[in-house]
Amino acid sequence: MVKVEDEIIRKRQRERARVMALLLGAFVVLLFFITIAKTGMNW
Amino acid sequence: MPTLELSNPAALPADWRDFVALTKPRVMSLVVFSGLCGLLVAPVQLPLVLSFTAILCIALAAGACGALNQWYEVDVDAKMRRTAKRPLPAGRMEPQSALQFGIGLGGFSVLLMGLATNWLAAAMLLASILFYVLVYTVWLKPRTAQNIVIGGAAGAFPPLIGWVAATGHVAALPLLLFAIIFLWTPPHFWALSLFVRSDYAAAGIPMLPVVAGFESTRHQIFLYSLPMAAAAVAPWLLGMTGPVYGVCASVLCFVFLVLAARVAANRATEPSAMDAEKHLFAYSVFYLFALFAVLVADRWLAW
């Protein structure tokens, strides 16, 4: 049972890490385009 | 697929899907849509990426409200069939995780809104989160049958925030949009609370049907529908919208009032005999979507 629980913990950690990476990547892209839009407005 | 019974599910890292469930995605759809409409009817057009960011911030703030609400109401949710399977009452997540997630998401949404659009919109977003969590969830909901009347203001903020994100100031039209949702909330929630009354009674939430009974609630639903209808046609009568909105809003409100009158005439006490209440609840969701969609269409036709 401990081994099975360990596998579930690893699986969830992997999935959460993947989702977090995707969200951070999307945030970086969003910040880039926000910066472009904001600087574009002030020109 | 075989399921595994774990001795203590909360001791595991929570599944990311449970964090999504904390944000109440179904409730979020109406919040996002009304916020988007507030932004689209504004006379100033933001760059696409800033519009997207403003709506994203409104969605994240709504998600934060959902998470903080579920964190605070975990004991209440465990007593109601409708909510017992949520991540916290079902024991799939530590309460501390939900609290940190809610505060983090709320803070992030306010900061991003301020940086991407303007700080008045960010301040309103913060006010709406605090109003929902502190005034509605913590203070009003467990104490008074008027919880949904005053608390409805929290759900009415999104079109106002959408407008302010685009223009940087408050105007009469977004205040009317605020009033429409504010006055729509009581009949919408009271229709629901009539056929899930036993759930609210079991959880000790003083919703109107629990405190004042079926007849009084049905009477109140009809009475509140009248100012709601008046607020819905007001933008047309005040010359802020065109005839497309005026005619569509009048028809939508007429159907709403007919369904509310059917509820007022119903005497059923068993949920199985509450078709009128279920129809009004379902229609009220469609009504708000349709009303705001027509408003956007009307403004775009005028430009």
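Residues numbered from 1 in each chain as written. Chains lettered and ligands numbered in written order. Predicted model: local features only at pLDDT ≥ 70, side-chain atom pairs only at ≥ 80, totals over all residues.

Side note on the overall build of chain A
Now for step 1: Along its length, chain A carries one helix and zero strands.
Now for step 2: Looking at chain A residue by residue over its 43 residues, the buried ones come to 0%. (Helix = DSSP H or I, 4+ residues; strand = E, 2+ residues; numbered from the N terminus. Buried ≥ 20, exposed ≤ 12 C-beta atoms within 10 Å, placed from the backbone.)

Some points on the overall build of chain B
Now for step 1: Scanning chain B from N- to C-terminus turns up 13 helices and zero strands.
Now for step 2: For chain B, the N- to C-terminal ordering of α and β elements is α-α-α-α-α-α-α-α-α-α-α-α-α.
Now for step 3: Summarising its shape, the C-alpha atoms of chain B cover approximately 65 × 50 × 40 Å along the three principal directions.
Now for step 4: Put simply, chain B has 303 residues, and 48% of those count as buried.
Now for step 5: Sequence-distant contacts in chain B: of pairs separated by 6 or more residues, those separated by 24 or more amount to 73%. (Contact = placed C-beta atoms within 7 Å.)

A short note on the nonpolar core
Now for step 1: If you look at the biggest cluster of nonpolar residues, it comprises 100 residues, and the most contacted ones within it are Ala-54, Ile-58, Met-113, Leu-125, Ile-180 and Leu-291 of chain B.
Now for step 2: Excluding anything up to four places from it in sequence, Met-113 of chain B contacts Ala-54, Cys-57, Ala-121, Ala-122, Leu-125 and Ala-165 of chain B. (Core = buried A, V, L, I, M, F, W, Y, C linked by C-beta atoms within 7 Å.)

Remarks on the interface of chain B and chain A
Often the size quoted for an interface is simply the accessible area lost on bringing the parts together.
Now for step 1: On the side of chain A, 13 residues touch chain B, which itself brings 11 residues to the contact.
Now for step 2: Along the lines of polarity and charge, the residues of the side of chain B that touches chain A split into nine nonpolar, one polar and one charged. (Nonpolar A, V, L, I, M, F, W, Y, C, P; charged D, E, K, R; others polar.)

Section: the domain arrangement of chain B
Residue and element names in this part refer to chain B.
Now for step 1: Taken domain by domain, chain B comprises domain 1 (14-167) and domain 2 (171-303).
Now for step 2: Computed from C-alpha atoms alone, the centre-to-centre distance between domain 1 and domain 2 is 21 Å.
Now for step 3: Listed as interface residues are 26 residues of domain 1 and, on the opposing side, 27 residues of domain 2.
Now for step 4: Counting residues per element, the side of domain 1 that touches domain 2 draws most heavily on helix H7 (residues 147-167), at nine residues. (Domains from an automatic or database assignment.)

Examining helix H2 (residues 25-41) of chain B
Now for step 1: Taking 1.5 Å as the rise per residue, H2 of chain B with 17 residues should run 24 Å; its terminal C-alpha atoms sit 24 Å apart, in good agreement.
Now for step 2: Those residues of H2 of chain B that are buried lie in contact with helix H3 (48-72), H7, helix H8 (172-195) and helix H13 (275-302) of chain B. (Expected span 1.5 Å × (residues − 1).)

Overview of unusual backbone geometry
Now for step 1: In this structure, Lys-24 of chain B is a non-glycine residue whose phi angle is positive, near 50°.
Now for step 2: The topology assignment puts Lys-24 of chain B in the loop between helix H1 (16-22) and H2.

Quick notes on the environment of Glu-7 of chain A
Residues and elements named next belong to chain A.
Now for step 1: Within the secondary structure, Glu-7 is located in helix H1 (residues 2-42).
Now for step 2: Accessibility expressed as a C-beta count within 10 Å gives 11 for Glu-7, which makes it exposed.
Now for step 3: Sequence separation between Glu-7 and Val-19 is 12 residues, and the spatial gap between their C-alpha atoms is 18 Å.

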